[in-house]
Amino acid sequence: MSRAGRVAGAALCLMLGLSARAHASPDAGVPDAGAPAGPRFAWPQLQVLAHVESSDIVEAGGIPVALRAVHVKENIRDLVQRFADAFRDGGLYVPPGKEQAQYANNAAMLTALDPKRRITYTVVMMPQPDGTTTLYLGEANHALARPQDASGDFAPLPPQASGVLHVNAEGSRTLTFQAPLTGPQVEAFYEAALTKAGWKRGDEPGVYSRPGAELRLTHQPSKDGQRDVVLIQQQRAR
């Protein structure tokens with residue numbers, strides 16, 4: 001997979017992890033949580049043009065997530081309703097729109113819950129210029145969740161960091177958090193911390209490297225004076 005593909009994949013894992021964390025207690029607030037379990041949900045049949053990536057298992061916030069990506073013929077407008085209907089017909093609980101995660105760049109994201117099996121299903125739909133759609137399908141199994149271990153962090157956290165989430169995938173690790181810092185403060189903190197840890201700043205802003213690895217730092221303003229910070233470390237050939 002290309003470097004751009006690995007970055008996109010890591011970012012997607014992060015997004016699914018955030019969705020998984022948002023529904024870490026699938027039984028809470030679900031109207032029919034006590035109902036008998038029905039058949040396991042199956043993704044709807046679509047006109048698949050290509051499998052973008054092979055299936056993979058990642059760990060997001062201690063929750064294993066089965067992840068795959070496909071390129072389909074259908075357009076995003078039809079797919080949003082198609083997946084909403086499939087989730088409801090499959091007996092899943094679909095949270096109201098205001099509780100659904102939002103996704104930019106004309107893409108859409110929809111999540112549903114199977115409270116009996118403690119599985120969160122998430123689909124990310126990314127429109128293509130030719131009217132087709134790239135789909136990312138994730139299944140987060142909360143029943144197999146395990147506590148996050150911060151001892152193995154690949155980068156330090158500012159003292160004010162909160163909402164920390166770890167995502168581990170083959171060949172990459174992602175760390176995200178919020179902090180009451182400005183953009184320059186985030187960059188200054190990591191410039192000092194990463195240089196001290198042996199990372200060298202690259203020509204591209206926010207990119208650091210050392211033998212066998214590359215690290216990317218991105219950040220953007222969030223609510224209440226907070227800043228969303230994402231670090232992605234990837235293996236690379238020496």
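For the structure, see preceding data.
Residues numbered from 1 in each chain as written. Predicted model: local features only at pLDDT ≥ 70, side-chain atom pairs only at ≥ 80, totals over all residues. Heavy atoms only, no water.

Enquirer: In this structure, what is going on with unusual backbone geometry? I would like to understand it.
Expert: Excluding glycine, most residues fall at negative phi; most peptide bonds, likewise, are trans. A positive phi is found at Arg118, a non-glycine position, where the angle reads about 60°. If you trace the backbone, Arg118 turns up in the loop between β3 (108-114) and β4 (119-127). (Helix = DSSP H or I, 4+ residues; strand = E, 2+ residues; numbered from the N terminus.)

Enquirer: What am I meant to see in the packing of aromatic side chains here?
Expert: The relative placement of two aromatic rings is captured by the distance of their centres and the angle of their planes. Overall, the coordinates contain eight aromatic pairs when judged by the stated rule. Taken together, a centroid distance of 5.5 Å and an interplanar angle of 75° make the contact between Phe41 and Trp43 edge-to-face. For the pair Phe41 and Trp43, a shared accessibility class is recorded, and that class is buried. Relative to Tyr121, the ring of Trp43 has its centre 5.8 Å away and its plane inclined at 80°; by these criteria the two rings are edge-to-face. Note that Trp43 is positioned in the loop between α1 (3-22) and β1 (48-60) and Tyr121 in strand β4, a separation of 78 residues in sequence. A single burial state applies to Trp43 and to Tyr121, both of which are buried. Members of the aromatic cluster, each reached through a chain of ring pairs, are Phe41, Trp43, Phe83, Phe87 and Tyr121. (Phe/Tyr/Trp six-rings, centres within 6.5 Å; stacked < 30°, edge-to-face > 60°. Buried < 20%, exposed > 50% of the residue type's maximum accessible area, 1.4 Å probe, protein only.)

Enquirer: Honestly, the pairing of strand β11 (residues 227-235) in this entry has me stumped. Any pointers?
Expert: Each regular strand carries side chains that alternate between the two faces of the sheet. Burial runs high along β11: seven of the nine residues are buried. As judged from the eight bridges shared by strand β7 (residues 172-179) and β11, these two strands associate in the antiparallel manner. The residue of β11 that forms the bridge with Thr176 is Val230. Note that strand β10 (residues 213-221) and β11 share nine bridges and pair antiparallel. Bridge pairing in β11 links His219 to Val229. (Pairing = 2+ DSSP bridges.)

Enquirer: What is the right way to read helix α3 (residues 183-196) from this model?
Expert: Residues separated by three or four positions in an α-helix point in the same direction, a consequence of the helix having 3.6 residues per turn. Taking 1.5 Å per residue, 14 residues should reach 20 Å; α3 reaches 20 Å between its end C-alpha atoms and fits that length. Within the span of α3, buried status applies to Gly183, Val186, Tyr190, Ala193 and Leu194. Each buried residue of α3 sits inside an arc of 115° when the element is viewed along its axis, so together they form one side. Exposed residues lying more than 90 degrees from the buried face of α3 are Pro184, Ala192 and Lys196. Where α3 is buried, its residues contact β7, β9 (207-210), β10 and β11. The first or second residue beyond α3 is Gly198, which carries a positive phi of 95°. (Expected span 1.5 Å × (residues − 1). Arc of directions from axis to C-beta. Contact = heavy atoms within 4.5 Å.)

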